[in-house]
Amino acid sequence: MITTYSKLVVASAISLSLMACGGSDSDSSNNAENFIPPANVVVTGEFKHSAETGKYFATEEYPSYVQYGQNAQHCYQNYNDYYYETDKVMVFGNPGLPEDDFTQAAKWVESNFPSALAAFGLTEQEYFAARGNIRYDAIRFIRDMLKYSNAIDFPYPTDFDTWTEQAQEDWAYDTAQSLSYEEVDAVLANNNYIGYLINDVGLEQKIYVCLHEQDNPYGWGEGSQIGITIGAKSIYKPNDIDQLIQHELIHTLQIAISGDIDGLKLPRWFSEGQAVYLSGMSVAKKEDHQEYNPTQVVTFWDEYGDPSDAYKHYGLAYQYLADANSASSIFEMLTEIGSQRIDWQLQNSVSFPEIHNYVEAFDKHMKQHNGTPLTVEQYRNNYHGLMSSYAN
Ligand SMILES: [Zn+2]
């Protein structure tokens, strides 16, 4: 029944949310006041070889795209043995690229990391604690094994076989999520057919950066559980680089706080809108709200029109929430979303395409501009009505 770790991981990957970010520009200065300039840090580092250090961008042959994003393939396939490491960043990529591509990427990430954390309301320690030190694909694999009685060498509850399937699945999720680094180490060591050991699935307390080699702005940056994927600057360097780096870092913070092994759980307009708004990128003007319908863009495939316009309107929809709600209630909502497992039976019966954990937390915490409660349903169905009174 068990083939390989990576095949199973691919089979269990679900498409909750593509993090690839469209082209953006900040030609108008709307929202510039939210930009936190990068820290003036001196970044020093060293080029290293993974074969010598045992630290890899990834070790899975075919990881899920939820794990590392769309543009990171060559960092785990072709060029998985070369990186530049600084205090907080590891930059992986093609050894044939100029060294400056690596050192500059590290500097961009390291200097913008404090701004992204501050905008999101996290300390560095809180972020790394929330992200955890095990790759999501590994935890998901263990979860998928634990659903089945004695599928792996693990202390299952003695009456496990008498439980309902739902109870078994819930236990598998909760148990896998709560495993410490040492416990994951033991699971992998006791079940050597899995083919991986703790060094393969553990994470350094650093931001992992993968350099891709695309020569255009579309999808230039992505965020993942382990860090961000950005373009090599010798091939293509976008404008407003600090905002872009902060935007992608905010995606990694979102994944740590409101994501779990099953994905991010935020609708696309929210994850992009928050990243646009908090990084100081351009946001559409309130009075232009009629131009776009952001709150029904739940997945990448719901997006329509020019991506740059879409992003500005995602930012506007988020700005409304940020103006009407305290930063702490938004943060509390995100934390709740991340800490609750998806109930797939419930998910299949709800009337919205959003993940139900998001709907529940949003309805519980969010308020309209006039102080009355705001629900996902209202925001989807009466967006322009709400924005009209907001604009006046
Ligand atoms: Zn984005």
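The rules behind the values
- Residues numbered from 1 in each chain as written.
- Predicted model: local features only at pLDDT ≥ 70, side-chain atom pairs only at ≥ 80, totals over all residues.
- Domains from an automatic or database assignment.
- Contact = placed C-beta atoms within 7 Å.
- Helix = DSSP H or I, 4+ residues; strand = E, 2+ residues; numbered from the N terminus.
- Nonpolar A, V, L, I, M, F, W, Y, C, P; charged D, E, K, R; others polar.
- Core = buried A, V, L, I, M, F, W, Y, C linked by C-beta atoms within 7 Å.
- Buried ≥ 20, exposed ≤ 12 C-beta atoms within 10 Å, placed from the backbone.
- Arc of directions from axis to C-beta.
- Pairing = 2+ DSSP bridges.
- Axes fitted to C-alpha atoms, helices over the stretch in contact; angles between N-to-C directions.
- Parallel < 35°, antiparallel > 145°, perpendicular 65-115°, else oblique.
- Left-handed = near helix turned anticlockwise from the far one by under 90°.

Engineer: Go over the domain arrangement of the protein chain, please, and point to the residues and values.
Structural biologist: Taken as a whole, the protein chain is organised into domain 1 (5-130 + 203-391) and domain 2 (133-201). Taken over C-alpha atoms, the centre of domain 1 sits 28 Å from the centre of domain 2. Taken together, the 16 residues of domain 1 in the interface contact 17 residues of domain 2. By residue number, the principal contributor to the side of domain 1 that touches domain 2 is helix H1 (residues 5-12), which donates four residues. Of the residues belonging to the side of domain 1 that touches domain 2, the class tally is seven nonpolar, six polar and three charged.

Engineer: Could you give an account of the nonpolar core, naming the residues involved and the relevant values?
Structural biologist: Counting 81 residues, the largest nonpolar core has Val91, Phe92, Ala105, Val109 and Val209 as the members making the most contacts within it. Broken down by element, the residue count for this core peaks at 10 residues, all from helix H5 (residues 99-120). Discounting chain neighbours no more than four positions away, the residues touching Phe92 are Phe57, Cys75, Tyr79, Tyr82, Tyr83, Val209, Cys210 and Leu211. Counting 18 residues, the second-largest nonpolar core is a separate cluster that includes Ile134, Ile142, Leu146 and Tyr173.

Engineer: Outline helix H18 (residues 383-391), supporting the account with residue identities and numerical values.
Structural biologist: Within the sequence span of H18, burial applies to Tyr383, Leu386 and Met387. For H18, the angular spread of buried residues about the axis comes to 95°, placing them on one side. Facing away from the buried surface of H18 by more than 90 degrees, the exposed residues are Gly385 and Ser389. On its buried side, H18 packs onto helix H13 (307-324) and helix H17 (376-381).

Engineer: Lay out the sheet that holds strand S3 (residues 89-92) in plain terms, naming residues and giving numbers.
Structural biologist: Spatially, the six strands line up as an open sheet ordered S1-S2-S3-S4-S6-S5, and their pairing is mixed. Both outer strands of the open sheet, strand S1 (45-48) and strand S5 (222-223), are each paired with one neighbouring strand and no more. Where S3 and strand S4 (residues 207-212) come together, four bridges link them in parallel fashion. Residue pairing for S4: Val89 is matched across the bridge by Ile207.

Engineer: Which residues make up the packing of H5 against helix H11 (residues 241-258), and what are the values?
Structural biologist: At a closest axis distance of 8 Å, the pairing of H5 and H11 adopts a crossing angle of 60°. In terms of their interaxial angle, H5 and H11 are classed as oblique. Crossing of H5 over H11 shows right-handed handedness. Seen from H5, the contacting residues are Trp108, Val109, Asn112, Phe113, Ser115, Ala116, Ala119 and Phe120; seen from H11, they are Ile241, Asp242, Ile245, Gln246, Leu249, Ile250 and Leu253. Considered class by class, the residues forming the contact of H5 with H11 number 11 nonpolar, three polar and one charged.

Engineer: Tell me about the packing of H11 against helix H12 (residues 268-278), and please be specific about residues and values.
Structural biologist: The interhelical angle for the contact between H11 and H12, taken along N-to-C directions, is 130°, at an axis separation of 9 Å. When the axes of H11 and H12 are compared, the pair comes out oblique. The crossing of H11 and H12 is right-handed. In this structure, H11 uses His247, Ile250, His251 and Gln254 to contact H12, whose residues at the interface are Ser271, Gln274, Ala275, Val276 and Leu278. Among the residues forming the contact of H11 with H12, the class breakdown is four nonpolar, five polar and no charged.

Engineer: Any details on the environment of Ser328? Residues and values, ideally.
Structural biologist: Mapped onto the elements of the fold, Ser328 is located in helix H14 (residues 327-339). A count of 10 C-beta atoms within 10 Å places Ser328 in the exposed class. Residues Ser328 and Asp100, spaced 228 residues apart in sequence, show a C-alpha to C-alpha distance of 39 Å.

Engineer: Any chance you could break down unusual backbone geometry for me, citing the residues and the numbers?
Structural biologist: If you check the backbone angles, Asn150 has positive phi at about 55° while not being a glycine. Note that Asn150 resides in the loop between helix H7 (136-146) and helix H8 (165-178). Of note in this structure, Lys265 is not a glycine but carries a positive phi near 75°. Relative to the elements of secondary structure, Lys265 occurs in the loop between H11 and H12. Here Lys265 falls in the buried class, since 25 other C-beta atoms lie within 10 Å of it.

Engineer: With reference to specific residues and values, describe the environment of Phe102.
Structural biologist: The topology assignment puts Phe102 in helix H5. Note on Phe102: 28 C-beta atoms within 10 Å, which makes it buried. Look past the residues within four positions of Phe102 in its chain and what remains in contact with it is Tyr84, Val91 and Gly93.

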